[in-house]
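# Per-entry structural report
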Amino acid sequence: MRTFIFGTDWWSDCDDAVALKILCNAHKKGEITLAGIAINACMEYSVASVDGFLAKEGINSVPIGIDLEATDFSGVGPYQKRLSQYAVRYKKNEDAENAVRLYRKILSSAAEKVEIIEVGFLNVFASLLESEPDLISEKSGIELVKEKVSH
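As a convention, each chain's residues are numbered from 1 in the sequence order in which they are written. Totals for whole chains, interfaces and linings use every residue, but because this is a predicted model, local features are given only for residues with pLDDT of at least 70 and side-chain atom pairs only at 80 or more, for both listing and counting. Each side-chain value is worked out from all heavy atoms of the structure, with water and hydrogens disregarded.

## Some remarks on the packing of aromatic side chains
- Between 30 and 60 degrees the pair is tilted, below 30 it is stacked and above 60 it is edge-to-face, where a pair is any two Phe, Tyr or Trp rings, Trp via its six-membered ring, whose centres lie within 6.5 Å. Scanning the model with the defined rule gives two aromatic pairs in all.
- Between Trp-10 and Phe-53, the ring centres sit 5.4 Å apart and the planes meet at 85 degrees, which makes this aromatic pair edge-to-face. Residue Trp-10 is found in the loop between strand S1 (2-8) and helix H1 (15-28), and its partner Phe-53 is found in helix H2 (residues 46-56); the two are separated by 43 residues along the sequence.
- A simple rule labels every residue: compare its accessible area, found with a 1.4 Å probe on the protein chains alone, to the largest value its type can have, and call it buried under 20%, exposed over 50%, or partly exposed in between. Looking at Trp-10, the relative accessible area reads 0%, which means it is buried.
- Taken together, a centroid distance of 5.5 Å and an interplanar angle of 85 degrees make the contact between Trp-10 and Tyr-79 edge-to-face. Of this pair, Trp-10 sits in the loop between S1 and H1 while Tyr-79 sits in the loop between strand S3 (64-66) and helix H3 (80-84), and the two are 69 residues apart along the sequence. The two residues Trp-10 and Tyr-79 agree in class, both being buried.
- A connected cluster of aromatic rings, assembled from ring pairs, spans Trp-10, Phe-53 and Tyr-79. Helix and strand assignments follow DSSP, with helices taken as H or I runs no shorter than four residues and strands as E runs no shorter than two, numbered in order from the N terminus.

Here's what the structure looks like:
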């Protein structure tokens, strides 16, 4: 079975929501495993709205990470605040794990190769590549990606 990590800026347009909807549908059907979601832009309702989206999809086990130092585009996106009211596990951005740490955990524990979908900015993925060995893995980010990522 194919396993995915979804990187998203989760902001003002629909590409992220549509991509996540497709991944959620395939995950619920058992066609893929959605191993994690990494948010690469940081606005007030980023994490809570992704969690609310997952809750509305009936998915409550996919971990969410965020880059808290990422760009804040100011203002409120068109759907984030409304979705955040459905959040179950993550009520604020600080409740989520650091996105690079989430990537490293998923990749280091993956039994088979993982596929990464990045919609939006590549700051989290770039930081993953630059990451050094740590308590999660003795491998650098580049080594983890070479070993554990197929696409």
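## Quick word on the pairing of S1
- Along S1, six of the seven residues are buried, which leaves the element largely enclosed by surrounding structure.
- Read as a crossover between parallel neighbours, the route from S1 over H1 to strand S2 (residues 32-39) is right-handed.
- Paired strands are those between which DSSP finds at least two bridges. As paired strands, S1 and strand S5 (residues 115-119) are joined by five bridges and run parallel to one another. From the neighbouring strand, Gly-7 faces S5, where its bridge partner is Glu-118. Handedness of a crossover is defined as follows: orient the strands so they point away from the viewer, and if the path from the first strand over the helix to the second runs clockwise, the crossover is right-handed.

## Looking at the environment of Gly-120
- With respect to the element layout, Gly-120 can be found in the loop between S5 and helix H5 (123-130).
- Put simply, Gly-120 and Gln-80 are 40 residues apart on the chain and 16 Å apart in space, counted from C-alpha to C-alpha.

## Overview of the nonpolar core
- Put simply, a nonpolar core is a bunch of buried Ala, Val, Leu, Ile, Met, Phe, Trp, Tyr and Cys residues held in one set by side-chain atoms that sit within 4.5 Å of each other. In terms of nonpolar packing, the biggest core is built from 28 residues, with Phe-6, Trp-10, Leu-20, Ile-37, Val-50 and Leu-54 touching the most fellow members.
- Where this core is concerned, the elements lending two or more residues are S1, H1, S2, H2 and S3.
- Top contributing element to this core by residue count: H1, with six residues.
- Each residue touching Leu-54, except ones within four places of it in the same chain, is listed here: Cys-24, Ile-37, Ile-59, Val-62, Ile-64 and Arg-89. Note on contacts: a residue pair is in contact if any heavy atoms of the two residues lie within 4.5 Å.

## As for the state of the cysteines
- In what follows, a disulfide is any cysteine sulfur pair within 2.5 Å. Applying the stated criterion across every chain, the model contains zero disulfides.
- As a non-bridged cysteine, Cys-24 has Cys-14 as the owner of its nearest cysteine sulfur, 15 Å distant.

## Comments concerning the side chain of Asp-16
- Its location among the elements puts Asp-16 in helix H1.
- A positive count includes Lys and Arg, and a negative count includes Asp and Glu. His and the chain ends are not counted in either. Throughout this description, the term salt bridge denotes a Lys or Arg side-chain nitrogen within 4 Å of a carboxyl oxygen of Asp or Glu. There is no salt bridge for the buried Asp-16, and the closest opposite charge comes from Arg-82, which lies 14 Å off by N-O distance.
- Separated by 2.7 Å, the side chains of Asp-16 and Thr-8 make a polar contact.
- In contact with Asp-16, not counting residues within four places along its chain, are Phe-6, Thr-8, Asp-9, Trp-10, Trp-11 and Val-119. By the criterion applied in these results, polar contacts are pairs of N or O atoms within 3.5 Å in which, for protein atoms, one can donate a hydrogen and the other can accept it, and in which residues neighboring in sequence qualify only through two side-chain atoms.

## A word on the packing of H5 against helix H6 (residues 141-148)
- Packing of H5 against H6 brings their axes to within 5 Å, and their N-to-C directions diverge by 105 degrees. Between H5 and H6, the angle is such that the two are roughly perpendicular. Judged by residue contacts, Phe-125, Leu-128 and Leu-129 of H5 engage Gly-141, Ile-142 and Val-145 from H6.
- Grouping the amino acids of the contact of H5 with H6 by side-chain chemistry returns five nonpolar, one polar and no charged. Axis definition: a line fitted to C-alpha atoms, over the contacting stretch in the case of helices. Angles run 0 to 180 degrees between N-to-C directions. These descriptions rest on fixed angle ranges, namely under 35 degrees for roughly parallel, over 145 for roughly antiparallel, 65 to 115 for roughly perpendicular, and the rest for oblique. Following the grouping adopted for this structure description, the nonpolar residues are Ala, Val, Leu, Ile, Met, Phe, Trp, Tyr, Cys and Pro, the charged ones are Asp, Glu, Lys and Arg, and the polar ones are all others, Gly among them.

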